[in-house]
Amino acid sequence: MTYPHVPNSPHHSPHPSRPRRPGLSFAVVNTTAFAAHLLLVCSAPDFMAAPVEGGTGIGMLALLLQAVLLVWTAARYDRRADQSGTGGPRTAHELGEY
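All figures in this text were calculated on a predicted structure; none of them were measured in a lab.

Definitions and cut-offs
- Residues numbered from 1 in each chain as written.
- Predicted model: local features only at pLDDT ≥ 70, side-chain atom pairs only at ≥ 80, totals over all residues.
- Heavy atoms only, no water.
- Helix = DSSP H or I, 4+ residues; strand = E, 2+ residues; numbered from the N terminus.
- Contact = heavy atoms within 4.5 Å.
- Areas by Shrake-Rupley, 256 points an atom, 1.4 Å probe, with all protein chains shown as cover.
- Buried < 20%, exposed > 50% of the residue type's maximum accessible area, 1.4 Å probe, protein only.
- Polar contact = N/O pair within 3.5 Å; in protein donor to acceptor, adjacent residues only side chain to side chain.
- Patch = residues over 30% accessible without salt bridge, like charges linked within 9 Å, V, L, I, M, F, W, Y side chains within 5 Å.
- Salt bridge = Lys/Arg side-chain N within 4 Å of Asp/Glu carboxyl O.
- pLDDT = per-residue confidence, 0-100.

Novice: Can you help me understand the overall build of the protein in this one?
Specialist: From N to C terminus, the protein includes four helices and two strands. The order of α-helices and β-strands along the protein, N terminus first, is α-α-β-β-α-α. Considering only intrachain contacts with a sequence separation of at least 6, the fraction spanning at least 24 residues in the protein is 61%. Carbon and sulfur atoms make up 64% of the accessible area of the protein, which amounts to about 8300 Å² in all.

Novice: What should I look at first to understand the side chain of asparagine 30 in this one?
Specialist: Relative to the helices and strands, asparagine 30 is located in helix α1 (residues 23-43). Residue asparagine 30 is classed as buried on the basis of its relative accessible area of 12%. At 2.9 Å, the side chain of asparagine 30 and the backbone oxygen of phenylalanine 26 are in polar contact. Those residues in contact with asparagine 30, other than ones at most four positions away along the chain, are Leu69, Leu70 and Thr73.

Novice: Honestly, the environment of leucine 70 in this entry has me stumped. Any pointers?
Specialist: With respect to the helices and strands, the residue leucine 70 is situated in helix α3 (residues 58-84). Residue leucine 70 is classed as partly exposed on the basis of its relative accessible area, which comes to 40%. Sequence separation between leucine 70 and valine 29 is 41 residues; the distance between their C-alpha atoms is 8.6 Å. Excluding its chain neighbours within four sequence positions, the residues that come into contact with leucine 70 are Phe26 and Asn30.

Novice: What should I look at first to understand a nonpolar patch on the surface in this one?
Specialist: Taken together, the side chains of Val52, Leu61, Leu64 and Val68 make up a nonpolar region of the molecular surface, amounting to roughly 350 Å² of accessible area. Top element by residues in the nonpolar patch is α3. It accounts for three residues. Mapped onto the elements, leucine 64 comes out in helix α3. Looking at leucine 64, the relative accessible area reads 53%, which means it is exposed.

Novice: What exactly am I supposed to notice about the confidence of the model for the protein here?
Specialist: For any part of a model where pLDDT is low, the fine detail of the predicted coordinates should not be relied upon. Looking at the protein as a whole, its pLDDT mean stands at 77, while 60% of the residues score no less than 70. When mean pLDDT is compared element by element in the protein, helix α2 (residues 45-49) scores highest at 91, while helix α4 (residues 92-95) scores lowest at 57.

Novice: Help me out: how do you make sense of the side chain of threonine 73 in this one?
Specialist: With respect to the helices and strands, threonine 73 occurs in helix α3. In this structure threonine 73 comes out as buried when scored by relative accessible area, which is 8%.

See the structure below:
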């Protein structure tokens, strides 16, 4: 199996200084949201159970907001991971060889 030649450029140096970690912001944002939600559920159960519309409480809306945040950050993480490129060996599927 042969690999295509990659010209020397700042993006493809033979000795990269440090690989990018696109997942760091994903982990920080979602962990912070989860911790805040957990803290509110444990410390203010009456507040989280307060009805907003019909039988829907603030806690349910907060959980829905957290799910939206998780999906949004996952989409951003996926997009960034695709753009960063690891520079390692690529599979035949990635090279277009089936």
